[in-house]
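Fold and contact review
Given next are the chains, with one letter for each unit.
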Amino acid sequence: MTGAESAAAAGALGAALGFALAVLLDRRRRRRADRRLEAAVEELDAQLGEIARSLADAAERLAGRGREPLPPFALALDDLLAELAAEAAART
């Protein structure tokens with residue numbers, strides 16, 4: 001092998017190693033981002049579940065006191081929160 005051929009081979013090897021390192025770093029970054037997203041969705045799911053339970057408990061307490069029925073928008077909000085919680089649970 002001549003000096004030029006050795007330099008070309010070393011350059012190609014360096015480029016291949018650099019590319020492989022870039023691919024590995026990108027995969028690592030994506031796995032980390034996926035873990036963060038999953039944790040965020042789980043936290044959101046838990047918080048929405050707490051909100052839905054709190055609203056349902058409040059509605060039951062109000063209904064038990066013989067007060068006026070809840071306005072329609074409150075019932076729609078309860079349904080919406082229940083749907084959001086179910087969808088978040090299905091995605092996780």
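Residues numbered from 1 in each chain as written. Predicted model: local features only at pLDDT ≥ 70, side-chain atom pairs only at ≥ 80, totals over all residues. Heavy atoms only, no water.

1. What to know about the overall build of the chain
- The helix and strand inventory of the chain stands at two helices and zero strands.
- Expressed as a percentage of the 92 residues in the chain, the buried residues total 7%.
- Roughly 7,500 Å² of accessible area belongs to the chain as shown, and the carbon and sulfur atoms make up 62% of that amount. (Helix = DSSP H or I, 4+ residues; strand = E, 2+ residues; numbered from the N terminus. Buried < 20%, exposed > 50% of the residue type's maximum accessible area, 1.4 Å probe, protein only. Areas by Shrake-Rupley, 256 points an atom, 1.4 Å probe, with all protein chains shown as cover.)

2. Observations concerning the pattern of salt bridges
- Tallied over the entire structure, the rule returns three salt bridges.
- A salt bridge links Asp 26 to Arg 29, with the nearest nitrogen and oxygen atoms 2.7 Å apart. Taken together, the residues Asp 26 and Arg 29, both in helix α1 (residues 3-64) and three residues apart, mark about one turn of the helix.
- The class for Asp 26 is partly exposed, based on a relative accessible area of 29%.
- A salt bridge links Arg 30 to Asp 26, with the shortest nitrogen-to-oxygen separation between them at 3.0 Å. Here Asp 26 and Arg 30 lie together in helix α1, a separation of four residues that amounts to about one turn.
- One connected set of salt bridges, linked through shared partners, spans Asp 26, Arg 29 and Arg 30. (Salt bridge = Lys/Arg side-chain N within 4 Å of Asp/Glu carboxyl O.)

3. Topic: the environment of Leu 80
- Here Leu 80 shows up in helix α2 (residues 72-91).
- Spatially, the C-alpha atoms of Leu 80 and Ala 52 are 9.2 Å apart, while their sequence positions differ by 28 residues.

4. Side note on α1
- An ideal rise of 1.5 Å per residue puts 92 Å on 62 residues; α1 measures up with 91 Å between its terminal C-alpha atoms.
- By the burial criterion, the buried members of α1 are Leu 48, Gly 49 and Ala 52. (Expected span 1.5 Å × (residues − 1).)

5. Thoughts on a nonpolar patch on the surface
- Taken together, the side chains of Ile 51, Leu 55, Leu 77, Leu 80 and Leu 84 define a hydrophobic patch exposed on the protein surface, amounting to about 390 Å² of accessible area.
- Put simply, the parts of the chain that give the nonpolar patch at least two residues each are α1 and α2.
- A total of three residues in the nonpolar patch trace back to one element, the largest contributor, which is α2.
- Structurally, Leu 84 is set in helix α2. (Patch = residues over 30% accessible without salt bridge, like charges linked within 9 Å, V, L, I, M, F, W, Y side chains within 5 Å.)

Read these as geometric descriptors, not functional statements.
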